[in-house]
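Next come the chains, spelled out residue by residue.
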Amino acid sequence: MFPAAFDYIAPGALDEVLSLLGQHGDDAKVLAGGQSLIPLLKLRFAAPVIVIDIGRVDGLEGISRENGHVRIGARTRHRDVESATDLRGTLDVLLDAAPLISDPLIRNMGTVGGSICHADPAGDWGAVMLAVGAEFVVKSAGEERVLPAAGFFQGPFTTGLQSNEVMTEIRIPVGSGKSGGTYLKLERKVGDFASVAAAVHIVLGGDGRVASAGIGLCAVGAHSIKATAAEAALVGQEPTDDVIAAAARLAGDAAEPKADIRGSAEYKRDVARVFVQRGLHTAIDRAQGAAA
Amino acid sequence: MAVETAEATEAARQAMGGIGVSLARKEDARFIHGQGHYVDDVVLPGMLHMVIVRSPHAHARIKGIDSTAAMAIPGVVAVVTGELLAQHKLAWMPTLSGDTQAVLATDKVRFQGQEVACVIAETKYIAEDAAALVSVDYEPLQAITSPQQAIAPGAIVIRDEKEGQTDNKIYHWEAGDKDATDAAFARAAKVVSLETFYPRCHPAPLETCGCVADLDPVTGNATIYMTSQAPHAHRTLFAIVAGLPEEKIRIISPDLGGGFGNKVPIYPGYVVATAASLLIGRPVKWIEDRTDNLISTGFARDYYMDGSVAIDENGKFIGLRVNLLSDNGAFFADAQPSKFKAGLFHIVTGSYDIPAAHIVANGAYTNKAPGGVAYRCSFRVTEASYFIERLVESAAVELGQDPVTIRLNNFIQPEAFPYQSASGFEYDSGDYPRAMQVALDMLGYDELRKEQAEKRAKGELMGIGVASFTEVVGAGKGKDYDIAGLRMFDSAELRVHPTGKAILKLGVKSQGQGHETTFAQIVAEELGIPASDVEVREGDTDNTPFGLGTYASRSTPVGGAATAMVSRKLRDKGKLIAAHLFEADVADIEFARGKYNVKGSPDNVKTIQDIAFAAYTNLPDGLEAGLEGVTYYDPPNMTYPFGTYLVVVDIDKGTGQVKVRRVVAVDDCGVRINPMIVEGQIHGGLTEGFAIAFMELITFDDEGNCIGSNFMDYLIPTAWETPRFELGQTVTPSPHHPIGAKGIGESATVGSPAAFVNAVIDALSHLGITNIDMPLTSDKVWAALRSKGVTE
Ligand SMILES: Cc1cc2nc3c(=O)[nH]c(=O)nc-3n(C[C@H](O)[C@H](O)[C@H](O)COP(=O)(O)OP(=O)(O)OC[C@H]3O[C@@H](n4cnc5c(N)ncnc54)[C@H](O)[C@@H]3O)c2cc1C
């Protein structure tokens, strides 16, 4: 468990990071919290020539509200989301997901942006970001792009991010309706990645019908999955038990799990269904109880 | 004489720290302050580092090894291969079970992770870089991943290098009486059967294995710092394997970060590091990483068991039949007494009065890591206990009886001890119904059964699991029990210095059990020297008497007995000195709690400290100076700890997750020396039992790739998932042990898995679900429910 030799640099400015990335391309790796990259280095699954630590770059951390968005700096630690209790009522799903990510040691170090860029199909933030309809701000030398979460996750550890780009911010739109959400995760022990997890985020209209629905699934496919058919089955509907059960079945159908040591494909698909069903009930109860 | 108040007596008892006092552990200060001293803390001048190149294949022929690229890296000192070792007759070594094991593979690799070459370099980084460059040309062969596959006709022969070995069978072993058992089954009113698998798991001590071998080229002295639960046995085996003169070998096993059986065998890494130090003339350090430890060192269990109990018309068990097939991996390197090919599995009659039993055991080679060790279990007692307790659960279900009632009806009764079991053990003492009753009362069993019925009516799943285990621990006696010929006695050497402070040296070796405290307490009890004045030393073969080491819960039963006996020896010598000081007859000297007096004058005392001083300053003529002794204790029998464990679970129908609501554990380990340490041992064992029942698993895919090779895949529980434990006790002393103690290190690992599994089965049996093999992961429970049409 010793990594191969590499160069290490920790620039103080984003421009410097971007120019180094432009220069080294695929030979470089950005280091954020290190909770995925360092294990990969130690197992020698990754052997970059240079590791560029973004830990000293200002302005990449923090959670704020602006222009109908919640903005999360890419280097914001999981732990900081966990303690952002003022998100309760607006983005329940973030608050419920954060404490389920691994254990406190990992949460103190790991970053939201790092998790999204790493794109582990079993990473929790991917499903959450799909459920809340987040956008990702990514920069390269001289260019900035804003990528929607939907479509960003393309395969295991594969995203729409280019090798010369750094993610700087996550933007989550927050509307004015009553919202509620939650995150359910099946893990084998604390600190484990999900066997199956589901993120649910619901906005109710003034008429009590579902105004918008976001459902993200974790660890049941090659990448985080947005359960679009299930979402569509909810929008405009009164959230009855039958409507919820039908949507949950569609979410289960959207899962593309593979059998492994954690269970059969049928098992994972059914747990996805059960979690979405339970999650929708909680989300709707919360939204109904919430002040607009 | 002043009238002693109850408080003063209690204060004196605490200050002495004898038997029954929950003395804070003497060793904890250094551990809590991060000042423990482990093998990896050993740094010697000129020390080199060794890394092992391991096989990626489970079964492959080696066509060539090219180490040129590795050797070309600056700082690489040597690349050791099997071929090089063969020149020194060290390519193969004997195992604890009388088989042979490759030190470094020469002809074939036989499991994934097998040791193929070793790189020795100036730093560990360099060694790792070079190891990645050792190129081995493999010709993959078909891998055999189960013992059933292994013994099927026509299976590829794994051990084709062994003369006369034409198949993959290792041993055939039987215990009990076949004819008597057949007769019992012939007259049975009912026969209940169970087929179950106790999967492979791993002791996974937090400190992995490793060593620093330091062979002095000038003196020829070999000092080997080693993660060893049995340093003396290892020294002797080193002398035999490596042909080193034994008086020049010194094994030092410093603080151990857990062992659980994993540090009983001798591993190839130790042998190569030692050989390399000898050849190079510099110290060589080898420390496993987590994956090395999980994929190549002593695993546990991997037993396929099926059997039946014959029951008469009154519901009494009259016969037991068990067949087992063990998966021993590529080399038969199990750690167990040599005469017993399946360890002490024949304790399988458990806590029940079963007049006839017959056990048939077969072992097979597979392409998996070797070295079946008893993971916190006395030589396969865990598998046996699991089987009988699961079979009794099945019998309860089939007979429609409460699992408590069926046990009470069949227990060996308290007046039946010493009890001769059908498979050949003599149980020393026990009171099984009482332990059961204490557990039932603690749990509130009847209330919970009512709750279960109400829940069941609503379609909710709740279960109560029962297990009443009996263990057999503390081997010898030496005549019947030996490892590689070394008889299983143990030793204690006690030296009291002139100021009355003592050093106790033992042949056993703590891995976290608290020996420095417990054994000092035995001396305090027997000799009246406060436990705080007794320093306990273990692990250095130059400075401790020969012993067989710590495993199979044998330290207190054997090493503890030796400690009591040597203390008594010194106590008797003290009488001679006291008689001299009092100018009285020895026959008139009395001793109690560290004080000697002449009969009839209890107020005029000489303390043990006075006596110790006199032993060096004022001796009677003709008496040898000093207050020092050594005892080698060969136990007349083993001890038989027992208990009842009760578990309550709730099951989530939607996900199959099992939530353990309560665990009540009533243990009887005879006399408890340090009750706090005993409870700590039970907590640890229950945690591991819980983990084995629900989480821990080493498994393999069809190609023999090991799944479970790091702590993301090999799941050990944290405080978060571990249930809360409610402990109770009964005390039935062992009649043959000097202080009545039985050993507690392993009871909970032995007894609890069946209780956890029985609880789940109890929740599901009304649906027709009778068995799920461990670990009871949520997907397996879900699949069982789904097979019966249950869903959320
Ligand atoms: C034991 C353990 C358990 C874990 N359990 C969970 C779990 O239950 N759920 C879960 O979701 N995660 C889990 N993780 C992963 C953890 O959440 C990581 O923190 C996260 O995946 C990566 O974030 P990081 O900041 O540590 O990124 P790093 O490890 O520093 O980087 C990860 C990857 O992302 C790239 N990267 C990082 N930041 C940026 C950026 N701003 N722009 C562009 N590229 C970037 C890096 O180049 C690298 O390729 C676990 C990790 C460990 C070690």
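Criteria and thresholds
- Position numbers for residues start from 1 in each chain and track the written sequence from start to end.
- By the order in which they are written, chains take letters starting at A while ligands take numbers starting at 1.
- Thresholds applied to this predicted model are a pLDDT of at least 70 for local features of residues and 80 or more for the giving and counting of side-chain atom pairs; totals over whole chains, interfaces and linings are not thresholded and use all residues.
- Calculated side-chain values reflect all of the structure's heavy atoms, with hydrogen atoms and water omitted.
- By definition, any uninterrupted DSSP run of H or I lasting at least four residues is a helix, any uninterrupted run of E lasting at least two residues is a strand, and each is numbered from the N terminus.
- Based on C-alpha atoms, the radius of gyration is set beside the globule rule, defined as 2.2 Å times the residue count to the power 0.38.
- Type-normalised accessible area, obtained with a 1.4 Å probe on protein chains alone, sets the label of each residue: buried when under 20%, exposed when over 50%, and partly exposed for intermediate values.
- Residue-level accessible areas treat just the shown protein chains as cover; the underlying method is Shrake-Rupley with a 1.4 Å probe.
- Here the expected span of a helix is defined as 1.5 Å times the quantity of residues minus one.
- Regarding the arc, it is the one traced by the directions from the helix axis to the C-beta atoms.
- Residue contacts are defined here by distance: any two heavy atoms, one from each residue, within 4.5 Å place the two residues in contact.
- By convention, a stacked pair of Phe, Tyr or Trp rings (six-membered ring in the case of Trp) has centres within 6.5 Å and planes under 30 degrees apart, an edge-to-face pair has planes over 60 apart, and any other such pair is tilted.
- In this analysis the charged atom, NZ for Lys or CZ for Arg, is taken to sit over a ring once it is within 6 Å of the ring centre and within 35 degrees of the ring normal.
- In this charge count, Lys and Arg are treated as positive and Asp and Glu as negative; neither His nor the chain ends contribute.
- The working definition used for a salt bridge is a side-chain nitrogen of Lys or Arg within 4 Å of a carboxyl oxygen of Asp or Glu.
- Boundary definitions for the domains trace back to an automatic or database domain assignment.
- Only residues above 30% relative accessible area that lack a salt bridge enter a patch, with like-charged residues linked at up to 9 Å and the nonpolar side chains Val, Leu, Ile, Met, Phe, Trp and Tyr linked at up to 5 Å.
- When DSSP finds at least two bridges between two strands, those strands are taken to pair.
- All axes are obtained by fitting lines to C-alpha atoms, using only the stretch in contact for helices, and the reported angles, taken between N-to-C directions, cover 0 to 180 degrees.
- Accessible area that two parts lose when put together, evaluated with a 1.4 Å probe and summed over both, is termed the buried area.
- N or O atoms closer than or at 3.5 Å make up a polar contact, with two conditions inside protein: a donor-capable atom paired with an acceptor-capable one, and, for residues adjacent in sequence, both atoms drawn from side chains.
- Ten residue types, Ala, Val, Leu, Ile, Met, Phe, Trp, Tyr, Cys and Pro, are classed as nonpolar, four, Asp, Glu, Lys and Arg, as charged, and the remainder, Gly among them, as polar.
- A single reference atom marks each charge: NZ on Lys, CZ on Arg, CG on Asp, CD on Glu.
- When an angle is under 35 degrees it counts as roughly parallel; over 145 it counts as roughly antiparallel; between 65 and 115 it counts as roughly perpendicular; any other value is oblique.

### As for the overall build of chain A
- Regarding its fold elements, chain A presents 10 helices and 14 strands.
- For a compact globule of 292 residues, the expected C-alpha radius of gyration is about 19 Å, and chain A comes in at 19 Å, within 12% of that figure.
- Projecting the C-alpha coordinates of chain A onto the three principal axes gives extents of approximately 60 × 45 × 30 Å.
- Relative to its 292 residues, chain A shows a buried fraction of 53%.
- If you sum the accessible surface of chain A, you get close to 11,900 Å²; carbon and sulfur atoms cover 50% of it.

### Brief notes about helix α13 (residues 432-443) of chain B
Residues and elements named next belong to chain B.
- The first and last C-alpha atoms of α13 sit 17 Å apart over 12 residues, in line with the 16 Å expected at 1.5 Å per residue.
- Every buried residue belonging to α13 is among Tyr432, Ala435, Met436, Ala439, Leu440 and Leu443, and all of these are buried. End-on, the buried residues of α13 take up no more than an arc of 135 degrees, which puts them together on one face.
- Buried residues in α13 make contact with α12 (403-410), β19 (426-427), α14 (445-457), β20 (461-470), β30 (642-651) and β31 (658-668).
- Immediately beyond the C-terminal end of α13, within one or two residues, lies Gly444, with a positive phi of roughly 75 degrees.

### Some thoughts on the packing of aromatic side chains
- A full pass over the atoms with the stated rule returns 31 aromatic pairs over all chains.
- Aromatic side chains Phe152 of chain A and Phe153 of chain A sit 5.2 Å apart centroid to centroid with 90 degrees between the ring planes, which places their arrangement in the edge-to-face category.
- A relative accessible area of 2% means that Phe152 of chain A is categorised as buried.
- Note on Phe153 of chain A: relative accessible area 7%, which makes it buried.
- Their ring planes at 90 degrees and their centres at 5.6 Å tell us that Phe417 of chain B and Tyr432 of chain B sit as a pair that is edge-to-face. Pair noted here: Phe417 of chain B is in the loop between α12 and β18 (419-420) and Tyr432 of chain B is in helix α13, with a separation of 15 residues, a long-range link. Summarising the burial analysis for this pair, Phe417 of chain B and Tyr432 of chain B share the class buried.
- Feature note: the residues Phe317, Tyr352, Phe411, Phe417, Tyr432 and Phe642 of chain B constitute an aromatic cluster, connected by ring pairs.
- Taking the ring centre of Phe31 of chain B as reference, the NZ or CZ of Arg30 of chain B above it sits at 4.8 Å.
- The cationic tip of Arg321 of chain B hangs over the ring face of Phe185 of chain B; the distance from NZ or CZ to the ring centre is 4.1 Å.

### So, the side chain of Glu746 of chain B
Residues and elements named next belong to chain B.
- With respect to the helices and strands, the residue Glu746 is situated in the loop between β34 (725-729) and α19 (747-764).
- Although Glu746 is buried, it makes no salt bridge; Arg376 carries the closest opposite charge, 6.7 Å away.
- If near-sequence neighbours (up to four positions away) are discounted, Glu746 is found in contact with Arg376, Cys377, Ser378, Glu471, Val473, Tyr551, Ala552 and Ser553.

### So, the domain arrangement of chain A
- For chain A, the assigned domains read domain 1 (7-53), domain 2 (63-173) and domain 3 (178-287).
- The gap between the C-alpha centroids of domain 1 of chain A and domain 3 of chain A is 35 Å.

### Focus: helix α9 (residues 268-280) of chain B
Residue and element names in this part refer to chain B.
- Here α9 contains 13 residues, and its C-alpha end-to-end distance of 18 Å stays within 8% of the 18 Å for a straight helix at 1.5 Å per residue.
- The element α9 is largely enclosed, with a buried count of 10 among its 13 residues.
- Considered for burial, the residues of α9 that qualify are Pro268, Gly269, Tyr270, Val271, Val272, Ala273, Thr274, Ala275, Ala276 and Ser277.
- Following α9 by one or two positions, Gly281 adopts a phi angle in the positive range, close to 80 degrees.

### What about a nonpolar patch on the surface?
- The grouping of Met1, Leu43 and Phe45 of chain A at the surface amounts to a nonpolar patch, some 320 Å² of accessible area in total.
- The residue Met1 of chain A is located in the segment before β1 (7-9) in this model.

### A closer look at unusual backbone geometry
Residues and elements named next belong to chain B.
- Following Ala475, the chain continues into Gly476 via a peptide bond in cis, with omega recorded as 5 degrees.
- You can see Gly476 is positioned in the loop between β20 and β21 (482-483).
- For the bond running from Met774 to Pro775, omega is -10 degrees, close enough to zero to count as cis.
- Along the polypeptide, Pro775 turns up in the loop between α19 and α20 (778-787).
- Even without a glycine there, the phi angle at Phe260 is positive, about 55 degrees.

### Considerations on the environment of Met93 of chain B
Residues and elements named next belong to chain B.
- Here Met93 shows up in strand β4 (residues 92-94).
- Residue classification places Met93 among the buried positions, given a relative accessible area of 3%.
- Distance from Met93 to Pro268, taken between C-alpha atoms, is 8.4 Å for residues 175 residues apart in sequence.
- When neighbours within four sequence positions are excluded, Met93 is seen to be in contact with Asp99, Thr100, Gln101, Val103, Val241, Ile266, Tyr267, Pro268 and Val271.

### As for the sheet that holds strand β9 (residues 169-176) of chain B
Residue and element names in this part refer to chain B.
- The five strands lie next to each other as β9-β17-β16-β15-β10, forming an open sheet whose pairing is mixed. Of all strands in the sheet, those with a lone pairing partner are β9 and β10 (190-201), marking the two edges. Taken pair by pair, the neighbouring strands of this sheet meet at an average axis angle of 10 degrees, ignoring direction.
- Both β10 and strand β15 (residues 300-311) contribute to a ladder of 11 bridges, which runs antiparallel.

### Examining the interface of chain A and chain B
- Each partner contributes to the interface: chain A provides 25 residues, whereas chain B provides 27 residues.
- When the two sides are added together, the surface that chain A and chain B hide from each other amounts to roughly 2,200 Å², 56% of it contributed by carbon and sulfur.
- Its largest share of buried area at the contact with chain B, chain A owes to Phe2, Lys189 and Tyr267 of chain A, together 29% of the area lost on that side.
- Inspection of the chain A/chain B interface yields four salt bridges.
- In this structure, the salt-bridge partner of Asp129 of chain B is Arg44 of chain A, at a minimum N-O distance of 2.6 Å.
- Where chain A meets chain B, there are 11 residue pairs in polar contact (both at pLDDT 80 or more).
- A total of eight residues in the side of chain A that touches chain B trace back to one element, the largest contributor, which is helix α10 (residues 265-289) of chain A.
- Looking at the side of chain A that touches chain B residue by residue, the class counts come to 12 nonpolar, three polar and 10 charged.

### Quick look at a positive patch on the surface
Residues and elements named next belong to chain B.
- On the surface, Lys339, Lys477, Lys479 and Arg487 cluster together to form a positively charged patch.
- Its place among the elements puts Arg487 in strand β22 (residues 486-487).
- A relative accessible area of 45% means that Arg487 is categorised as partly exposed.

### What about the sheet that holds strand β1 (residues 48-54) of chain B?
Residue and element names in this part refer to chain B.
- On the basis of which strands lie adjacent, the open sheet formed by seven strands has the order β3-β7-β1-β14-β11-β12-β13 and mixed pairing. Looking along the sheet, the strands with just one partner apiece sit at the ends: β3 (76-81) and β13 (249-252). Between one strand axis and the next, the sheet turns through 20 degrees on average, direction left out of account.
- Bridge count between strand β12 (residues 222-226) and β13: four bridges; the pairing is parallel. Residue pairing in the sheet places Thr223 in a bridge with Arg250 of β13.
- Contacting β12 and β13, helix α8 (residues 231-242) crosses the sheet at an angle of about 145 degrees to β13.

### Details of the pairing of strand β2 (residues 60-66) of chain B
All names here are of chain B.
- Sheet topology places β2 next to strand β6 (residues 108-109); two bridges connect them, and they run antiparallel. The residue of β6 that forms the bridge with Ala60 is Val109.
- Bridge count for β2 against strand β8 (residues 135-140) is six bridges, and the pairing is antiparallel. Following the sheet pairing, Asp66 is matched in β8 by Ser135.

### A few points about the environment of Ile251 of chain B
Residue and element names in this part refer to chain B.
- With respect to the helices and strands, Ile251 occurs in strand β13.
- Owing to a relative accessible area of 0%, Ile251 belongs among the buried residues under this scheme.
- In sequence terms Ile251 and Lys780 are 529 residues apart; their C-alpha atoms lie 46 Å from each other.
- Residue contacts for Ile251: discarding those within four places in its chain leaves Ile224, Met226, Pro231, His234, Arg235, Phe238, Gly539, Asp540 and Thr541.

### Let's talk about the packing of α10 of chain A against α20 of chain B
- Packing of α10 of chain A against α20 of chain B brings their axes to within 10 Å, and their N-to-C directions diverge by 90 degrees. Judged on the interaxial angle alone, α20 of chain B and α10 of chain A are roughly perpendicular. Here Glu266, Tyr267 and Asp270 of chain A of α10 of chain A lie close against α20 of chain B, whose contacting residues are Ser778, Asp779, Trp782 and Arg786 of chain B.
- Looking at side-chain class alone, the contact of α10 of chain A with α20 of chain B contains two nonpolar, one polar and four charged residues.

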